[in-house]
Amino acid sequence: MLSDKSEIYVNGSLSQTDGSFDTLHIHEYSDVPIDLIDQDATDGGTAGELPGPGDDGILPGELPEATDPALKFHDYDFTEVHDYSNLEYDELRITLGANYEVLPSVKLFGAVALYDLDDNEPYLQNATGAVTVVSGGITWMF
Amino acid sequence: MKTRDCRAILRKALPLVVPLLAVVLAAGIGSAEESSDCAVCHDKLSKQFETTIHGRIAEFETLDGRTGCVTCHGEGTEHMDEGGDATKIRGFGDETKPEDAAEVCTSCHRSEALHDWYGGSHQMSGVGCADCHQVHAGPGEVARYSETCMNCHEDIQARMQYPSHHPVREGHMTCLSCHDPHGNSFGMLANDERPEELCYGCHAHLQGPFVFEHEPVFEGCDTCHDPHGSVANNLLVQNEPFLCLQCHEMHFHAGLEGEETASGMWYIPAFDPAVGTSKPDRDTLPDGMVEIPNGMSGYKQAFVTKCTQCHTQVHGSDSPTQTIPGRGAGLMR
Amino acid sequence: MIRNPWPLLLIVIVILAGTPFLAGDGEDTEPPEHKTTIEFTTGYQGSSIDDELLRVAEYDSVDPSPLTGLLWRSSPYDTTTVGLELFRIDADDMSGAFELDAARKARVEATMDGFIHRLDNDPVANLKATSDIKTVRSTDLDFGVDHHIRNQLYNVEAKFQHPGVLGLSFRTGFRATQREGTRQVLSTSHCTSCHVVSQGREVDQSTRDLAVGAHFARGRIDFDYEISGRKFEEDGLTPTAPYEAALRPAPAGWKPAEDGSRGDPCVGADPALWEPGCVPASTPAPFDDRLWFQSTDLTVNKIPRVERLAHKFKARAAVGDDSSFKLTIVQSTTENETTSLEYDFTAYRASYYTMVGRNLRLNVYANHEELENDDVFVDLPAIFGPAPAVGYPGFPAPPGVTFQNWRRSDGDDEPAGLAAYNALVEFEQYLRESRLDRTEDRLGFDFVWRPVRRGSVRFGFKHRNVDRDNPATKLGFDSAGNLVEFTVDGETTDNTFKVAWNQRFRKRTRLNAAVTYTTTDNPYANVNGGLRQFAGYRASDGGVLGSTPVPPGPRGTASLQYYELHAFRVADLGLHPSEDLTMRANARWSPKKAKWSLGGNARFRTAENDELDYTDWQRDSWGVGANVLVAGGSKFLFNLGVDHAFQETDAEAIVPLMDG
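As the structure is a computational prediction, the values presented were derived from the model and not from experiment. (Residues numbered from 1 in each chain as written. Chains lettered and ligands numbered in written order. Predicted model: local features only at pLDDT ≥ 70, side-chain atom pairs only at ≥ 80, totals over all residues. Heavy atoms only, no water.)

Student: Tell me about the overall build of chain B, residues and numbers included.
Tutor: A count of helical and extended segments in chain B gives 13 helices and two strands. Taking the contacts inside chain B whose residues are at least 6 apart along the sequence as the reference set, 49% of them involve residues at least 24 apart. Of the roughly 15,000 Å² of accessible surface on chain B, 58% is carried by carbon and sulfur atoms. (Helix = DSSP H or I, 4+ residues; strand = E, 2+ residues; numbered from the N terminus. Contact = heavy atoms within 4.5 Å. Areas by Shrake-Rupley, 256 points an atom, 1.4 Å probe, with all protein chains shown as cover.)

Following this line, the structure appears as structure tokens:
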């Protein structure tokens, strides 16, 4: 209800945000460019050729079998790491307030604010939370 | 002439003499009389005007000593004589080009605040003074700074609703905390130096200069941060670790396979030189164990989640880090 | 009742007419009316809290507390106003303002704002892993603590102008920022294995800025000068963190301890007589701990004191009726008082603005900036901690012994090229040349053409050149296959083109659109970002890996992770684009005689870098938004908006295949 003595206001925002990462995958050997000699060298190098399999029959870039004692504790499957850092938030912020002039020198005010955030993809800690704030008071004017 | 006749003449002439005398006496300022002329028709506007800075301005503040309505709107005699014909006086409505209006304002406003107005982005884009300022309004000539800016920069207003943001929507900062809408020698930031100096005004603990540097900091804070708002924390344009992985290789320990122990507990196994690196010996657990819940993916969770859990001093540091090969510049201390 | 009021009325009118004249000179006179407004507010705020406040109320005070407010505004004289405004929610959230206008000769405006900023407390739960003899563990010493900082900002600006000197004014400004509270500090101890410790630290920072300036404007000339100084201090106690003894497999001739650490040296010259459990003499040392310091507590997150002094001079001259020339000179010095490092910044900026006819505007500008930072001699051995074991070679290094020559102690089987490699790579004391040192130049123009009423087209061009004085170096091979170290090109050049259109249709419609395109040559990149594809990997005989030296590492897969492979990280990786295209448009429309308007905006951006030598990346983003504004007189205002934004980045991450 609006009149010369009263005022109502509402403001708020609703936001849905997310930041997600696609699965990491390691390139196939043939997709990766290989330079044996740096082309940026000051006197101008030239690129080398792609090496073939070595004496052990293993192509460069391929990993030996897990029996290799230096490599048996390695795991290059990164298909899950993108999940660690995904973010998704839903946030609602709304404030409803009113002022009313009881007398020319006396005003009443009140407001209710609701802030609600849902952390749907907790990163390091779950940030889900909500708060409701109710305030009110009186103003004297002289 | 007899006295009685003089009185009669004076009685008749007084209504004309009084205003004439008042005009003569107040001629030095001009404003009182000319503004009061305007107030005859524009009464409400004039009363409102008196409460504004323009209404209170003193003569010595203007280079030609003129104040009041005529300073901006020009001489109003013809306007009054023609019964208030709006075309006979300078107006600032839609028919006036923004730069023509700005010329009037800048004829007085030659303070440091408007030094760089001409050639600035707003002026060149056709934004006029009246687009943001309300000259006849009350004491707050620019009604709520941030809301004024948002009338045109709506996408920035949207960014300020993102989870990570400067406290503009909470009212503790405004657009003017960082921007100068009148322009400056470097652009539209409230700073004549480098943009980073503006950030250091509040974030001085990151200024340095530091012994151990992080080079991209010198390319600009916006290399990694978006000051208007972002989804990732700390106003980062992208969440860790992938922001860092655009410039850095992944940590080599990320390729290690974690241990899925029977009890989920942590221990350091003995080294067996005959075998080389050995599997852990579960029969000789030392005292004091720490739960390791992350199993096979433990190393990936540790090294591919958040780089700044270890590399905390990404803006630079005076303290060296532990590892020799890093030459102290690991930014971890 | 006065029988003849006219003479008296005449006198009163004269007095009234003359009063503004007297007040206009700035002399305070007794006003006919004394205006004072006082408002006192009291109230209460209650709240209900559920779960975390960290993100949902990051900057909001939500504790139950009384509200108090005071507003006092007075005009004791017609040309003097004083105002004071205070509002307090609680100790974390308060604001205030003060205003004094003394006959326009002295004007003071002061504001104060205090607010809370809630901070993260990372539980470091992801930092727990074990594999073989390596572990990652974390200790959280401030678990569950709600870290927050209370910010208080004070700003006072005063301006003085003497009526006797037209066009000359003085100003002074003081700004203070106080930040108090606690925040989390993480420290990492290596090779223990990795042990991350979380603790809280006290924050008690103050930043104080003082500026004094003068402005003179007369006729066609404007001058402005300002000197400003800043002092920043962190008075909160700097925390210390433990750097534990490194644990590693015992080297040859040592008997490892039960926990797998080095243990004790084996007794006797004949390895055959060593007690059981001793590492055989023939076993090569798996790796060294490569740590400068361990077994000690050292400070972490040490924040230096900073002082800054800046000078700024501006001049503007009107040339003819429609043109002006501007010059700005800025010089500043910033010093880290803790280390005595300082950098200097100098900028010269000039611009010329002119109107050509009625419909053309031209602005031409040029900037020149110089940045120079101090270099630092990093004296690493000076921070060695106590040795973990007596007699252990390499830490602390005996005089003349470096890690390289210690590793080459059995140099008979030293691979070819290793000596040359070691000659190039130094890990001891070194001179840190600052990457901040640079010269940056800009040259550009903006051209606005108004072909129709209420419409304009703007063309802009900017050329920027950044010349870095100390660019990075990296290793490479020359055409003969020799390993060489060379300095990369530290110069970046970009050109920006902009076209914008702005059109207004009466009072009802406003449109504007802009396209900006930037092309960059040699954008900034980390030239030692990643290890390139490891060509020539060979499984070795006898369980010794990579005995054949093959680039990029001098000893193939046997190359030491940090010492040797680190230097062979020569793949460029970067975040700065080589091409950047941005398009944006927004519009607002209002029906005739209606009190509502509809607005919309759309923007699109694509940025990419395909100049990197090993990989490339691309980032695309777009967004649309709409809003409706209804203004129903002075009592009703409604604004509703919606915005959707999307961003996608396609980049490659380099995953190293070597362990250490």
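Student: Can you lay out the overall build of chain A for me, pointing to particular residues and giving the numbers?
Tutor: On a plain count of helices and strands, chain A comes out with zero helices and four strands. Reading the helices (α) and strands (β) of chain A from amino to carboxyl end gives β-β-β-β. By the burial criterion, 38% of the 142 residues in chain A qualify as buried. Summarising the internal contacts of chain A: among those between residues at least 6 apart in sequence, 56% fall at separations of at least 24. Split by element, the accessible area of chain A, about 8,100 Å² in all, is 54% carbon and sulfur. (Buried < 20%, exposed > 50% of the residue type's maximum accessible area, 1.4 Å probe, protein only.)

Student: Explain the pattern of salt bridges to me, using residue names and the numbers behind them.
Tutor: Once their charged atoms are close, side chains differing in charge can pair, the charge on each being opposite to the other. Residues and elements named next belong to chain C. What the rule picks out here adds up to 43 salt bridges over all chains. For Arg-73, the salt bridge identified is with Glu-99, shortest N-O distance 3.0 Å. Taken as a pair, Arg-73 in strand β2 (residues 65-77) and Glu-99 in strand β4 (residues 93-102) lie far apart in primary sequence, 26 residues in all. Within the structure, one salt-bridge network assembled from shared partners comprises Arg-349, Glu-369, Glu-440, Arg-442, Arg-464 and Asp-494. (Salt bridge = Lys/Arg side-chain N within 4 Å of Asp/Glu carboxyl O.)

Student: I'd like to hear about the side chain of C:Asp494, residue by residue, with values.
Tutor: Residue and element names in this part refer to chain C. On the secondary structure map, Asp-494 appears in strand β26 (residues 491-505). Residue classification places Asp-494 among the buried positions, given a relative accessible area of 7%. Apart from the residues within four sequence positions on either side, Asp-494 is in contact with Lys-462, His-463, Arg-464, Thr-518, Thr-519 and Thr-520.

Student: Could you give me a rundown of the nonpolar core, with the residues and numbers involved?
Tutor: A:Phe78, B:Met250, B:Phe303, B:Val304 and C:Val136 are the most contacted members of the largest nonpolar core, which has 25 residues in total. Elements with a minimum of two residues in this core: α12 (242-245) and α13 (298-303) of chain B together with β10 (194-218) of chain C. Looking at this core, the element that brings in the most residues is α13(B), giving three residues. Every residue in contact with B:Phe303, bar those within four places of it in the chain, is listed here: B:His251, B:His253, B:Ala254, C:Val136 and C:Cys194. (Core = buried A, V, L, I, M, F, W, Y, C linked by side-chain atoms within 4.5 Å.)

Student: Help me get a handle on the side chain of C:Thr81, residues and values and all.
Tutor: Along the chain, C:Thr81 turns up in strand β3 (residues 80-90). Not counting residues within four places of it along the chain, the set of residues in contact with C:Thr81 comprises B:Arg56, C:Ser74, C:Ser75, C:Glu99, C:Leu100 and C:Asp101.

Student: Which residues make up empty space enclosed by the protein, and what values go with them?
Tutor: Here the idea is plain: a probe the size of a water molecule rolls over the atoms and shows the empty space left. For the structure shown, the criterion picks out seven cavities of 30 Å³ or more. In this structure, the second largest cavity encloses a volume near 140 Å³. Of the residues belonging to the lining of the second largest cavity, the class tally is nine nonpolar, six polar and two charged. (1 Å grid on protein atoms, 1.4 Å probe; cavity = no way out; pocket = protein on both sides within 12 Å on 5 of 7 lines; lining within 4 Å. Points joined across faces, edges and corners; volume = space filled by probe spheres on them. Nonpolar A, V, L, I, M, F, W, Y, C, P; charged D, E, K, R; others polar.)

Student: Explain the interface of chain C and chain B residue by residue, including any values.
Tutor: Taken together, the contacts link 182 residues of chain C with 126 residues of chain B. Note on chain C versus chain B: buried area summed over both sides is about 13,900 Å², and carbon and sulfur give 55% of it. Scanning the region where chain C abuts chain B turns up 13 salt bridges. Across the pair B:Asp116 and C:Lys314 runs a salt bridge, and its minimum N-O distance is 2.6 Å. A per-class count over the side of chain C that touches chain B returns 71 nonpolar, 46 polar and 65 charged. (Buried area = accessible area lost by both parts, 1.4 Å probe.)

Student: How would you summarise a positive patch on the surface if you had to cite specific residues and measurements?
Tutor: On the surface, a cluster of positive charge is contributed by C:Arg358, C:Arg453, C:Arg506, C:Arg508, C:Lys592 and C:Lys593. As for its position among the elements, C:Lys593 is in the loop between β30 (579-589) and β31 (596-609). (Patch = residues over 30% accessible without salt bridge, like charges linked within 9 Å, V, L, I, M, F, W, Y side chains within 5 Å. Lys, Arg positive; Asp, Glu negative; His and termini not counted. Charge placed at Lys NZ, Arg CZ, Asp CG, Glu CD.)

Student: I'd love a proper account of helix α7 (residues 98-108) of chain B, names of residues and values included.
Tutor: Within α7(B), burial applies to B:Glu99, B:Ala101, B:Ala102, B:Val104 and B:Thr106. Structurally, α7(B) contributes buried residues whose contacts are with α5 (69-73) of chain B together with β19 (360-373) of chain C.

Student: Give me unusual backbone geometry: which residues, what numbers.
Tutor: If a residue is not glycine, its phi is most likely negative; likewise, a peptide bond is most likely trans. The amide bond that connects B:Gly208 to the next residue, B:Pro209, takes the cis arrangement and shows omega of 0 degrees. A cis amide bond links B:Glu240 with the next residue in sequence, B:Pro241, at an omega value of 0 degrees. By the secondary structure assignment, B:Pro241 is in the loop between α11 (195-200) and α12. One non-glycine residue, C:Asp51, adopts positive backbone phi at about 65 degrees.

Student: Go over the state of the cysteines with me, naming the residues and quoting the values.
Tutor: Per the counting criterion, the structure on display carries one disulfide over all chains. Two residues share a disulfide in this structure: C:Cys266 and C:Cys278, whose sulfurs sit 2.0 Å from each other. Measuring the twist about the S-S bond at about -120 degrees, one finds the C:Cys266-C:Cys278 disulfide to be left-handed. You can see C:Cys266 sitting in the loop between β14 (264-265) and β15 (296-299) and its partner C:Cys278 sitting in the loop between β14 and β15, a full twelve residues away along the chain. Taken individually, C:Cys266 and C:Cys278 each receive the classification buried, so the pair is uniform in this respect. Distance from the sulfur of B:Cys129, which forms no disulfide, to the nearest cysteine sulfur (B:Cys105) is 3.5 Å. Between B:Cys310, a free cysteine, and C:Cys194, which holds the nearest cysteine sulfur, the sulfur-to-sulfur gap is 6.5 Å. The exposure class assigned to B:Cys310 is buried, which follows from its relative accessible area of 16%. (Disulfide = S-S within 2.5 Å.)

Student: Just give me the short version of a nonpolar patch on the surface, but keep the residues and values in it.
Tutor: All names here are of chain C. A surface patch of nonpolar side chains, amounting to about 530 Å² of accessible area, comprises Val-156, Phe-174, Leu-210, Val-212, Tyr-225, Ile-227 and Leu-309. Here Phe-174 lies in strand β9 (residues 168-189). On the basis of relative accessibility, which here comes to 34%, the residue Phe-174 falls in the partly exposed class.

Student: Pulling in residues and values, what's your account of the pairing of strand β32 (residues 617-631) of chain C?
Tutor: Residues and elements named next belong to chain C. Relative to β32, β31 runs antiparallel, the two being bridged by 14 bridges. Across the sheet, Arg-603 pairs through a bridge with Gly-623, a residue of β32. As paired strands, β32 and strand β33 (residues 637-650) are joined by 14 bridges and run antiparallel to one another. For Gln-618, the partnering residue across the bridge sits in β33 and is Asp-650. (Pairing = 2+ DSSP bridges.)

Student: An account of the packing of aromatic side chains is needed here, citing residue identities and associated values.
Tutor: Residues and elements named next belong to chain C. Considering all chains together, one arrives at eleven aromatic pairs over all chains under this definition. Taken together, a centroid distance of 6.4 Å and an interplanar angle of 35 degrees make the contact between Phe-447 and Phe-459 tilted. One end of the pair, Phe-447, is in strand β22 (residues 438-449); the other, Phe-459, is in strand β23 (residues 455-468), with twelve residues separating them in the sequence. Where Phe-461 meets Phe-497, the ring centres are 5.1 Å apart and the plane angle is 45 degrees; that geometry is what we call tilted. Note that Phe-461 is positioned in strand β23 and Phe-497 in strand β26, a separation of 36 residues in sequence. (Phe/Tyr/Trp six-rings, centres within 6.5 Å; stacked < 30°, edge-to-face > 60°.)

Student: Outline the environment of C:Glu342, listing residues and values.
Tutor: Along the chain, the position of C:Glu342 falls in strand β18 (residues 341-356). As for C:Glu342 and C:Glu372, which are separated by 30 residues in sequence, their C-alpha atoms are 8.5 Å apart. With near-sequence residues (within four places) excluded, C:Glu342 lies in contact with B:Pro209, C:Thr333, C:Thr334, C:Glu335, C:Glu372, C:Asn373 and C:Asp374.

Student: Explain the confidence of the model for chain B to me, and be specific about the residues and the numbers.
Tutor: All names here are of chain B. In this model, chain B carries an average pLDDT of 75, and 75% of its residues clear a pLDDT of 70 or more. Per-element confidence in chain B ranges from a low mean pLDDT of 40 for helix α1 (residues 3-25) to a high of 94 for α11. Confidence drops under a pLDDT of 50 for residues 262-289, and excluding neighbours within four residues, the segment shows 55 contacts in the predicted structure. For this predicted complex, the interface confidence reaches an ipTM of 0.83, while the overall pTM sits at 0.82. (pLDDT = per-residue confidence, 0-100.)

Student: Can you explain the pairing of β31(C)? Please cite residues and give values.
Tutor: All names here are of chain C. Pairing between β30 and β31: eleven bridges, direction antiparallel. Pairing of Ala-587 across the sheet is with Gly-600, part of β31. Where β30 folds back onto β31 in an antiparallel hairpin, the turn is made up of six residues, including Lys-593, whose phi is positive at roughly 60 degrees.

Student: Could you give an account of the environment of A:Val10, with specific residues and numbers?
Tutor: All names here are of chain A. The topology assignment puts Val-10 in strand β1 (residues 6-19). According to the relative accessible area criterion, Val-10 is exposed, its value standing at 54%. A C-alpha to C-alpha distance of 27 Å links Val-10 and Asn-120, two positions 110 residues apart in sequence. Beyond its immediate chain neighbours, meaning those up to four positions away, Val-10 contacts Ile-94, Thr-95 and Leu-96.

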